[in-house]
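Structure at a glance
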Amino acid sequence: LHFGELTDQEVNESFKDLMNQMVHLDNKVEFSIANSIWYKEGYPVLEDFINTNQDYFDAAVRELNFADPGSVDIINGWIEDKTNDKIVDMLDAIPGNVVMYLINAIYFNAPWKYEFDKSDTYKGDFLLDEGASHQVDYMSVSGSFQYTSNQDFTAVELPYGDSAFSMVVMLPSHGNSISDLVSALDIAKWDLWFESSSYTGVQIDLPKFKYDFKSLLNDPLTELGLGEAFTPEADFSRITPSTDIWISRVIHQTFIDVQEEGTEAAAATIVEMVERSSGSGGAVAIPFKADRPFLYLIKENSTGAIVFMGKVGKP
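Thresholds, definitions, all that
- Residues numbered from 1 in each chain as written.
- Predicted model: local features only at pLDDT ≥ 70, side-chain atom pairs only at ≥ 80, totals over all residues.
- Heavy atoms only, no water.
- 1 Å grid on protein atoms, 1.4 Å probe; cavity = no way out; pocket = protein on both sides within 12 Å on 5 of 7 lines; lining within 4 Å.
- Points joined across faces, edges and corners; volume = space filled by probe spheres on them.
- Helix = DSSP H or I, 4+ residues; strand = E, 2+ residues; numbered from the N terminus.
- Nonpolar A, V, L, I, M, F, W, Y, C, P; charged D, E, K, R; others polar.
- Pairing = 2+ DSSP bridges.
- Axes fitted to C-alpha atoms, helices over the stretch in contact; angles between N-to-C directions.
- Contact = heavy atoms within 4.5 Å.
- Buried < 20%, exposed > 50% of the residue type's maximum accessible area, 1.4 Å probe, protein only.
- Right-handed = clockwise from strand over helix to strand, strands pointing away.
- Salt bridge = Lys/Arg side-chain N within 4 Å of Asp/Glu carboxyl O.
- Expected span 1.5 Å × (residues − 1).
- Core = buried A, V, L, I, M, F, W, Y, C linked by side-chain atoms within 4.5 Å.

Its volume calculated, the second largest pocket comes out at about 220 Å³. The wall of the second largest pocket is formed by 14 residues, among which Met 19, Ile 33, Ala 34, Phe 57 and Asp 58 lie closest to the centre. Taken together, the elements giving at least two residues each to the lining of the second largest pocket come down to helix H1 (8–23), strand E1 (30–40), helix H2 (47–57) and helix H3 (70–82). With 4 residues, H1 is the largest single contributor of residues to the lining of the second largest pocket. The residue inventory of the lining of the second largest pocket, partitioned by class, reads 8 nonpolar, 2 polar and 4 charged.

Now the structure itself:
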């Protein structure tokens, strides 16, 4: 995970500080992070592993009878509760060789600092990647916003609440695509891109959008170099004395709803672990209209931590 010279202790303390800082920054923003560990009844789990997750990640820990069909509902109920019912029925079933679930859930609900007036919302065309157009509802607001423009994209930053969080909307230049932006996206490029941002009068026209997404992350994580974790050769000896445990599935599900009043978003990730089975305001100066596929990022501004990111291809 490229933590460099940091010790495990330093990594854990950094995550704890980051979580504590983000969830208490803005009274106008509802933001929560929840973690949990669910393990098969009777399965040996090392006490140090449990303690570390409880102490640094505030993880709830529960032993469950995975053979009971009701266990699926219990785990899904926890996810639904922690995401305000935006992530539902995430876990489909518990296979017979599963011994543990590691789950992370995030919920975000925030009003815009400068709310879009519903009376200004209008119908308009949105150009899809394949060249066709699609009718959408555009929200509209004018004022002074952080604005960035270069040969690759233009971007605006819309603050939430008391400005602790904001959404950055990145619109690729004509001739460029979201894929071009994403492939170039790293921390050095991110800092370089936005070092020249400045407050400018902007007329923003942003489509309302609402969607959810669910996918297995096995292949993307393998491509990032974590392939061994999905094989019997994985070493999870700091979780359990068993040497026959590995990750079978990483399920990720997200939800976002962007409206005139603000943004509601949620995400949950399930890491399923198995063992070897014996059986088997100013003057308007610059127009910014997101009328074609764009990238968005919701970030916390004091640390720069990115909480959600995604692309809108068809609002």
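There's more to say after this.
A few words on the sheet that holds strand E9 (residues 209–216). With mixed pairing, 6 strands are arranged side by side in an open sheet as E2-E1-E3-E11-E10-E9. If you trace the sheet from one side to the other, it starts and ends with strand E2 (60–64) and E9, each paired once. Going from strand to strand, the sheet's axes swing by 10° on average, the running direction of each strand aside. Pairing analysis gives 13 bridges linking strand E10 (residues 245–258) to strand E11 (residues 262–275), with the strands arranged antiparallel. Residue pairing in the sheet places Gln 253 in a bridge with Ala 268 of E11. Set on the sheet, helix H6 (residues 218–226) makes contact with E9 and E10; between it and E10 the angle comes to about 115°.

Mapped onto the secondary structure, Asn 27 falls in the loop between H1 and E1. Taking the relative accessible area as the measure of exposure, Asn 27 reaches 82% and is therefore exposed.

A few words on the pairing of E1. When E1 meets strand E3 (residues 98–111), the two strands line up antiparallel, connected through 10 bridges. Bridge assignment links Asn 35 to a residue of E3, and that residue is Asn 104. With 5 bridges joining them, E1 and E2 adopt parallel strand pairing. The residue bridging Tyr 39 from the neighbouring strand is Glu 63, located in E2. One crossover worth recording links E1 to the parallel E2 by way of H2, and it is right-handed.

Turning to the pattern of salt bridges, a few remarks are in order. Going through the model one piece at a time under the given rule, you end up with 11 salt bridges. For Asp 162, the salt bridge goes to Lys 28, with nearest N and O atoms at 3.2 Å. In this pair, Asp 162 is assigned in the loop between strand E6 (153–159) and strand E7 (165–172) and Lys 28 in the loop between H1 and E1, connecting sequence segments 134 residues apart. The exposure class assigned to Lys 28 is partly exposed, which follows from its relative accessible area of 48%. The partner of Glu 157 in a salt bridge is Lys 299, and the shortest N-O contact between them spans 3.3 Å. Looking at Lys 299, the relative accessible area reads 13%, which means it is buried. Taken together, the salt bridges that share partners define one network made up of Asp 92, Arg 249 and Glu 272.

For H3, with 13 residues, the first-to-last C-alpha span of 19 Å sits near the 18 Å given by 1.5 Å per residue. Within H3, burial applies to Ser 71, Val 72, Ile 75, Asn 76, Trp 78, Ile 79 and Glu 80. Lining the buried residues of H3 we find E1, E2, E3 and E11. After H3 finishes, the residue Asn 84 shows a positive phi value of roughly 55°.

One recurring pattern in soluble globular proteins: nonpolar side chains tend to sit buried together. By size, the foremost hydrophobic cluster in this structure holds 42 residues, and its most contacted members are Ile 75, Ile 79, Met 100 and Tyr 101. Going through the elements one at a time, E1, H2, H3, E3, E10 and E11 are the ones with two or more residues in this core. For this core, the element with the most residues is E3, which contributes 7 residues. The contacts of Met 100, once residues within four sequence positions are left out, are Ile 37, Trp 38, Tyr 39, Val 45, Phe 49, Phe 66, Ile 239, Val 271, Glu 272 and Met 273.

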